[in-house]
Amino acid sequence: MGNKRQLSLNVFVYPGGHHEAAWRYEGSDISTLYDIAYYQELAKRAEAAHFDALFFADGPVLADNIRYAPRSRVEPITWLSAIAGVTSHIGLIATASTTYFEPYNLARLFASLDHISKGRAGWNIVTTSAGQAAQNFGLPEHPPHAERYDRGTEFVEVVGKLWDSWEDDAVVADPASGLFADTDKIHAIDHVGKYFRVKGALNTPRIPQGRPVYVQAGSSEDGRSFAARYAEAIFTAHQTLGSAQAFYADIKRRAAVLGRRPEHIKVLPGLSPFIGSTEAEARRLEESFNELIQPEYSLDQLKRMTGLDLAAYDLDGPFPRHLLDLDGRIASASRFQLILDIIERENPTIRQLINRLAGGRGHFVLTGTPELIADQIQLWFENGAADGFNIMPPWLTGGFDIFAAEVVPILVKRGLFRERYEGRTLRDHYGLPRPESRFAGDTRASA
């Protein structure tokens, strides 16, 4: 491969698949939703296809719409630890909230995952948007958006110090001298900030990757600023090439202004593919999923993203754009703006809009032949819109199996994706440097 730029591909695992009616599809097996062996097998298949990582979403609250879809969660670090035991290369990305964890505990959890996997852990950093989560953690109310990002910034600083608190050669393990650890190379972090007071050091030696890969998924103004400063991979949602190009350029510019190397940030839009041997076959496949949509669920999803309750409206009537509050709090959300763009570009009926959103909650749903899917991936990759993609199978495992069997070989043949792994850690796969402990210079200076 040499130094040629390569696609990064993650498989984004969602219960049953990403289409909201996936669990009702005849090709799905709902009995496997909480069967770790099923996810271990999926991970092994993704590793056989040389994917960069498995990506698990999470949230610390039971979804209100659980009545109509399996939107329950398993704790992803535990789940990925079990997957680590049956794989050797694929990255393992878990979502964890800076609002509802404490830094020391989270630093230990991810350090353990990175040790277990020999350097394959990634942390999808979220601040949690679900307001009802506060009631699960004894808080009187959910912190406002700006405060969550403020806390999140300090949180990332604290866990970074904790992961750095052991230098790489702090463990001596010399039976002859009886010296196990060089305590001059283990550092208290003595953090005192607005939200946290943490003494340190971490009680776990430095991890194989130095620290987990930082992943981020927010596209608001606060989210972009946060991503430009910290993220090494960004999960984002775009419906058009132009929108993706604008986001890509903005993130890379912000990172450069902060002194970061733009190539050390992987922008990875979500892509949910419906694949058929012909375009007509692919369309029929997508339609077979949309026929299983339950409007109560879809309208609830739409209400969350737009603020509009359209339960009493004719689904086949035009979307009532005039009811949208373009100046309200929700209007600043990236998903609201994405939906507004669809409405203005396509003037859909309510049913057409919920069908558009059913496949990926606003992410890019692409329907066609394997060649068409590969063409679009290549177009975005080569034209400043993406460094790769989070593949969001409409259903599991069939939706993934078809992509791996029919699209990946085309990407490999075109020289866009790896034929084999060239490293073992997630940082290796993404082409990211391994950070040195920020305390290492202190030891050298005092030597």
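Above this text is the structure in question.
Residues numbered from 1 in each chain as written. Predicted model: local features only at pLDDT ≥ 70, side-chain atom pairs only at ≥ 80, totals over all residues. Heavy atoms only, no water.

Chemist: If you had to explain the side chain of Ser8 to someone new, which residues and values would you point to?
Modeler: By the secondary structure assignment, Ser8 is in strand β1 (residues 8-13). With relative accessibility at 2%, the residue Ser8 sits in the buried group. The residues contacting Ser8, other than those within four sequence positions of it, are Asp52, Lys266, Leu268, Asp387, Gly388, Phe389 and Tyr430. (Helix = DSSP H or I, 4+ residues; strand = E, 2+ residues; numbered from the N terminus. Buried < 20%, exposed > 50% of the residue type's maximum accessible area, 1.4 Å probe, protein only. Contact = heavy atoms within 4.5 Å.)

Chemist: Tell me about the pattern of salt bridges, residues and numbers included.
Modeler: Close approach of charged atoms lets side chains of opposite charge pair. Counting across every chain of the model gives 28 salt bridges. Across the pair Arg254 and Asp250 runs a salt bridge, and its minimum N-O distance is 2.9 Å. Taken together, the positions of Arg254 and Asp250, both in helix α6 (residues 241-257) and four residues apart, correspond to about one turn of that helix. For the pair formed by Arg254 and Asp250, the shared burial category is buried. In the salt-bridge network here, residues are joined through shared partners; they are Glu157, Asp164, Asp168, Arg206, Arg434 and Arg438. (Salt bridge = Lys/Arg side-chain N within 4 Å of Asp/Glu carboxyl O.)

Chemist: Got a sec to walk through the packing of helix α2 (residues 76-84) against helix α3 (residues 103-117)? Specific residues and values, please.
Modeler: Between α2 and α3, the least distance of the axes is 9 Å, while the angle of their chain directions is 15 degrees. Judged by the angle between their axes, α2 and α3 are roughly parallel. Crossing geometry of α2 relative to α3 is assigned as left-handed. Two secondary-structure elements touch here, α2 through Ile77, Leu80, Ser81 and Ala84 and α3 through Leu106, Leu109, Phe110, Leu113, Ile116 and Ser117. Across the contact of α2 with α3, the residue classes break down as eight nonpolar, two polar and no charged. (Axes fitted to C-alpha atoms, helices over the stretch in contact; angles between N-to-C directions. Parallel < 35°, antiparallel > 145°, perpendicular 65-115°, else oblique. Left-handed = near helix turned anticlockwise from the far one by under 90°. Nonpolar A, V, L, I, M, F, W, Y, C, P; charged D, E, K, R; others polar.)

Chemist: Got a sec to walk through the packing of aromatic side chains? Specific residues and values, please.
Modeler: Evaluated as defined, the whole model comprises 26 aromatic pairs. Relative to Phe289, the ring of Tyr25 has its centre 4.2 Å away and its plane inclined at 25 degrees; by these criteria the two rings are stacked. One end of the pair, Tyr25, is in the loop between β1 and α1 (36-48); the other, Phe289, is in helix α7 (residues 279-290), and 264 residues separate them in sequence. A residue is classified by how much of its surface remains accessible, and Tyr25, at 15% relative accessible area, is buried. Residue classification places Phe289 among the buried positions, given a relative accessible area of 0%. Between Phe51 and Phe417, the aromatic rings sit 6.3 Å apart at their centres with planes inclined by 70 degrees, giving edge-to-face as the arrangement. (Phe/Tyr/Trp six-rings, centres within 6.5 Å; stacked < 30°, edge-to-face > 60°.)

Chemist: Residues and numbers for the pairing of strand β13 (residues 388-391), please.
Modeler: Residues Gly388 and Asn390 of β13 are buried on one face, and the alternating residues Phe389 and Ile391, pointing to the opposite face, are buried as well. Bridging between β1 and β13 involves four bridges; their strand directions are parallel. When the bridges of β13 are listed, Asn10 appears paired with Asn390. In the sheet, strand β11 (residues 266-275) pairs with β13 via two bridges, with the strands oriented parallel. Note that in β13 the partner of Gly270 across the bridge is Asn390. (Pairing = 2+ DSSP bridges.)

Chemist: Which residues make up α3, and what are the values?
Modeler: Look at α3: 21 Å from first C-alpha to last across 15 residues, which is about the 21 Å you get at 1.5 Å a residue. Buried residues of α3: Pro103, Leu106, Ala107, Phe110, Ala111, Leu113, Asp114 and Ser117, and no others. One side of α3 holds all its buried residues, which, seen down the axis, span an arc of 160 degrees. The secondary structure elements touched by the buried residues of α3 are α2, β3 (91-97), β4 (121-126) and α4 (145-164). (Expected span 1.5 Å × (residues − 1). Arc of directions from axis to C-beta.)

Chemist: Summarise α6; cite the residues concerned and give the values.
Modeler: An ideal rise of 1.5 Å per residue puts 24 Å on 17 residues; α6 measures up with 24 Å between its terminal C-alpha atoms. Buried residues along α6 sit in contact with α5 (221-230), β10 (233-236), β11 and α11 (370-382).

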